[in-house]
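# Descriptive structure summary
Okay, here's what each chain looks like letter by letter:
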Amino acid sequence: DGGITQSPKYLFRKEGQNVTLSCEQNLNHDAMYWYRQDPGQGLRLIYYSQIVNDFQKGDIAEGYSVSREKKESFPLTVTSAQKNPTAFYLCASSPLHSYEQYFGPGTRLTVT
Amino acid sequence: QKEVEQNSGPLSVPEGAIASLNCTYSDRGSQSFFWYRQYSGKSPELIMFIYSNGDKEDGRFTAQLNKASQYVSLLIRDSQPSDSATYLCAVAGNQFYFGTGTSLTVIP
C-alpha cells in the first residue's frame, strides 16, 4: 500500500512546548514538503526538501525546523518561537523534476 | 497581486449541471497547472494536471489551459452531490503556488 502517512491526526500541546509532527512516504518520491493551512488562507509552504540531508525554507519558515535524514521521512518541529501554531499541517511528496504533489492526511495541531 | 487567484465562491450548481471553476495566474513562465479537490476537514487530492494549451479530459473532469490569457479552468460535467468540496488551483513555474480555493456545492 503506497502512500503518505502523517501522525498523529490530532495533537494538543501547551504553549511554550516544542512538538514534532511525523511524515513518512513509501512512494519513493525524492521531494517532500510541509504546508500549513489556516481557514480562508489556502496552503502556505513552510519547508521543502528535494534530496536527503538538504532542505530549503518556504514562505513561513520562522518558528519551524525540519530534518531529512532518510528519503522516506521528513519530520517537522513546531517550536515555541512560532507565534500562532494552531493550524492544519499537511505533508506532501512528489517525484524528482515533477510538481505533482501528493498529500498525506494531515495533522491538526491545537496549542493552548 | 496574488500569484494565483480564484473566486472563493461559494458556487452552487444543481445536480447534473456543469460546474465551471476558474483560476488566473500572474507568472507567465508557469509550466504546470494542477487542480486539487479538498473535502471539509480532509487533505487535498490531486484530480487533474495540465501542461499544454487546450483541453484535457478525464472522466467527468475537463481541464482547460490558455497560457496567453494566463487562465486555467476546471469543468465538472454531470455534477454530483459528492463533488461538493473546495477546489484548489496550483501553478508551478520557478515556484509552486496554490490558490485559496473555490467552494462548490452541488444541490440534489
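Note: the structure precedes this text.
Everything quoted here is computed from the prediction, not taken from an experiment.

Membership of the largest hydrophobic core comes to 23 residues, with the highest contact counts inside it found for Trp35, Val72, Leu74, Ile76 and Tyr87 of chain B. Looking at this core, the elements with two or more residues in it are strand 3 (19-25), strand 4 (32-38), strand 5 (45-50), strand 7 (61-66), strand 8 (71-76), strand 9 (85-92) and strand 11 (102-107) of chain B.

Residues and elements named next belong to chain A. The tally for this structure, following the rule as stated, stands at two disulfides over all chains. The disulfide partner of Cys23 is Cys91, and the S-S distance across this bridge is 1.9 Å. With the S-S bond torsion at -75°, the cross-link from Cys23 to Cys91 turns out left-handed. Remark: Cys91 occurs in strand 9 (residues 87-94) and Cys23 occurs in strand 3 (residues 19-25); sequence separation between them is 68 residues.

Residues and elements named next belong to chain A. The strand order 1-3-8-7 describes an open sheet built from four strands, whose pairing is antiparallel. At either end of the open sheet lies a strand with only one pairing partner, and these are strand 1 (4-7) and strand 7 (64-66). The mean inter-strand angle of the sheet, taken between neighbouring strand axes irrespective of direction, is 20°. As judged from the four bridges shared by strand 1 and strand 3, these two strands associate in the antiparallel manner. Looking at strand 3, one finds that Ser7 is bridged to Ser22.

Cut-off values and rules
Sequence order as written defines the numbering, with residues in each chain counted from 1. Each chain is given a letter, starting from A, and each ligand a number, starting from 1, according to the order in which they appear as written. Thresholds applied to this predicted model are a pLDDT of at least 70 for local features of residues and 80 or more for the giving and counting of side-chain atom pairs; totals over whole chains, interfaces and linings are not thresholded and use all residues. In computing side-chain properties, one takes all heavy atoms of the structure into account and sets aside hydrogens as well as water. The definition of a nonpolar core used throughout is a set of buried Ala, Val, Leu, Ile, Met, Phe, Trp, Tyr and Cys residues joined through side-chain atoms within 4.5 Å. Only protein chains enter the accessibility calculation, which uses a 1.4 Å probe; a residue is then buried when its area is under 20% of its type maximum, exposed when over 50%, and partly exposed in between. Secondary structure follows DSSP: runs of H or I at least 4 residues long count as helices, runs of E at least 2 residues long count as strands, and numbering of each begins at the N terminus. Any two cysteine sulfur atoms lying within 2.5 Å of each other are counted as a disulfide. Any two strands with at least two DSSP bridges between them are considered paired. Helix axes use the C-alpha atoms of the stretch in contact, all axes being lines fitted to C-alpha atoms, and the angles between their N-to-C directions lie in the range 0 to 180 degrees.

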